Amino acid sequence: MCGIVGYIGTKNSVPILIDGLKRLEYRGYDSAGVGIINSGESILVKNKGKVSLLEERLADLNLSSPLGIGHTRWATHGIPNEQNAHPHTNQDGNLFVIHNGIIENFQSLKRGLIKLGYNFKSDTDTEVLAHLIDSFLSKDYPLSKAVQMALNEVDGAYGLAAIYAKEPDKIIAARKGSPLVIGVGEGENFIASDVSAILAHTKKVIYLDDGELAIITRENHTVKTIADKEIEKEIHEINMSLDEIDKGGYPHFMLKEIMEQPESVSNSMRGRLLVDEGTAKLGGLTDVLDRLVNSKRIIISACGTSWHAALVGEYMMEQYARIPVEVEYASELRYRNPIITGDDSVIFISQSGETADTLAALKEAKSKGALILGICNVVGSTIARESQAGVYIHAGPEIGVASTKAFTSQLVVLALITLLISRRKGMSLADGKAVVEELIKIPDKIKLILKMNDEIERLANEFKDAKNFLYLGRGYNFPVALEGALKLKEISYIHAEGYPAAEMKHGPIALIDEDMPVVFVAPKGATYDKILSNIEEVRARGGRIIAVGDEKDDELDNLADYTLKIPETIEMFTPILTSIPLQLLAYHIAVNKGLNVDQPRNLAKSVTVE
Ligand code: AGP
């Protein structure tokens, strides 16, 4: 949710913090702040709104310090304003604390601290941490010990960092539930919520795990458990270039990521297709394949767009692998005391690999003995490391808050898993080869669809003033209707609903009139004839119809007001192709409305609190 970054070294930390915060801004942009310590002086600068505002203020102040921490906020406790912005301080103003997560027992801790005479300046849960740490500093505990003792009293999730003017040679960082990495440099070190914030300075990172605390100095880093036991940590080399996390000349990350899909989809299948054997090769599943193939049931769980991918996965696996599949919202699965056994395999899908709802559901399913698999994009992320096995989707960094290329790559990986299981469960070599050969053609078909960008921009102009939208699909493309509606909602703020097309006549058809745009996702498939009747039903009520269908399908031209034609493919892969025109439609409607599509209001890229 929030983004945190820190630097200790010999350079001026201020530009390093600002650059890092800019790269983390997709995690939250309600307010931003830095705390720096230089020759005993503690300087705090923070403001409501974007990092760019903070950068302007700092430029005027022309500050310099070899030690500093910075934060960009996604508000959970306390409205977005300067007072609630991080860093938070102790009453002497010489301790700075930044935090990503939620302190669940902050109210009771706050009451205790107020009794001890502490005054609170903000409405946040995080300020409790600053005063709690201070309560131990005032008993002459060193900073690392004071942080440890404070955290022993805390319930909740945190990725935090603290610096103290009386100990200007270190940063203390700790993690439980929220991601945190240490960046290892030469004569300098960094901390950050994710590698993108420090990639410009080092490719050597240490991933902190839950319950770990780090003491980071200019020359060194020590990692120990909150319970004080020292731990040896592996230093990972990151193979990601800065270009990958820049806009590459596009006006928005979202458009860049939409346009990258021929490559990202290719990367998701690269080295994983055995053409002659008509199957897939997924090294990350080798050790658990027998157990997966013999699962009594497969549960796929996720949130948001990843949950929509899970729904498509259900259609794929049940059609080809003939294993019963259930799809679960992670947040609901977590607290429903679900009936899960060791005969079940549970697949968790998460682009960021840090979504708290999904992580909590994973731990719940793990405690019930199921085989736990992860499908993630961010390498080294918590869900990937907590899973017993899994597959990275290799879509490359996804910075735009609205997920696009991760969705299509998740569908490719679900198809690869389906193929692998199905071939082990009797799918013929010929059928397997047909699926493999069609999958190989998908990137070129996406290139053809992306050529419709200008046409879709013109169409978007027609609908930018719409107040509502309805998206309808059947079978494999019902989840695409849900995804199209989500894309529009989250970046254009237009109310939109996705529905199974046949469900429409059981209620939503009452919404249809000439002001209700209806998007039909209608490629050829098992339910094509049925969806043509649904289109007729909407026409009869005067709805304005946009239909996404096959290039050779003239029938749709007669029925719909606007058609977006995609290359034909087998039904299993139609969601990969039909979702892309809907990504572009949402993008252009939001841009037409002058909205910030990369950082839509109230949202964050990875939701690290439940
Ligand atoms: C999608 O555009 C949204 N950003 C959101 O729904 C997202 O899919 C959801 O938060 C899950 O994120 P994850 O895949 O990183 O777990």
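Residues numbered from 1 in each chain as written. Predicted model: local features only at pLDDT ≥ 70, side-chain atom pairs only at ≥ 80, totals over all residues. Heavy atoms only, no water.

**Focus on the layout of surface pockets**
The line we're drawing: Here a cavity denotes grid points, spaced 1 Å and computed from the protein atoms alone, that fit a 1.4 Å probe unable to get out, and a pocket denotes an open set having protein on both sides within 12 Å along at least 5 of 7 lines; residues with an atom within 4 Å of a point are the lining. Grid points are joined across faces, edges and corners, and a volume is the space filled by probe spheres set on the points. Labels follow the DSSP assignment, with helices taken as runs of H or I lasting at least four residues and strands as runs of E lasting at least two, numbered in each case from the N terminus.
Here the largest pocket is characterised by a volume of approximately 850 Å³. Taken together, 39 residues form the lining of the largest pocket, with V195, M240, N377, V378 and V379 sitting closest to its centre. For the lining of the largest pocket, the secondary-structure elements that each account for two or more residues are β15 (236-237) and α12 (382-386). The element best represented in the lining of the largest pocket is α12, accounting for three residues.

**Regarding the pairing of strand β7 (residues 158-164)**
So the rule is basically this: To sort residues, take the accessible area from a 1.4 Å probe on protein chains only and compare it with the maximum for the residue type: under 20% means buried, over 50% means exposed, and anything in between is partly exposed. For two strands to be treated as a pair, DSSP must find at least two bridges joining them.
With respect to burial, β7 is a largely interior element, seven of its seven residues being buried. Here strand β6 (residues 95-100) runs beside β7; their pairing, made up of six bridges, is antiparallel. Counterpart to L95 in the pairing with β7 is Y164. With five bridges joining them, β7 and strand β8 (residues 171-176) adopt antiparallel strand pairing. From the neighbouring strand, A162 faces β8, where its bridge partner is I172. What sits between β7 and β8 in their antiparallel hairpin is a turn of six residues.

**Some details on the sheet that holds strand β18 (residues 297-302)**
Under the convention used in this document: Angular values range over 0 to 180 degrees, each being the angle between N-to-C directions of two axes fitted as lines to C-alpha atoms, with helices fitted over their stretch in contact. The contact definition used throughout considers only heavy atoms, calling two residues in contact when any of these lie within 4.5 Å.
One open sheet holds the five strands; their spatial order is β19-β18-β20-β21-β22, and the pairing between them is parallel. Looking along the sheet, the strands with just one partner apiece sit at the ends: β19 (325-329) and β22 (389-392). Neighbouring strand axes in the sheet, compared pairwise and without regard to direction, differ in orientation by 20° on average. Pairing analysis gives five bridges linking β18 to strand β20 (residues 344-350), with the strands arranged parallel. Bridging from a neighbouring strand, R297 pairs with D344 of β20. Of the strands in this sheet, β18, β19 and β20 are in contact with helix α9 (residues 304-321), which crosses β19 at around 175°.

Bear in mind that shape data such as this cannot, by itself, settle questions of function.
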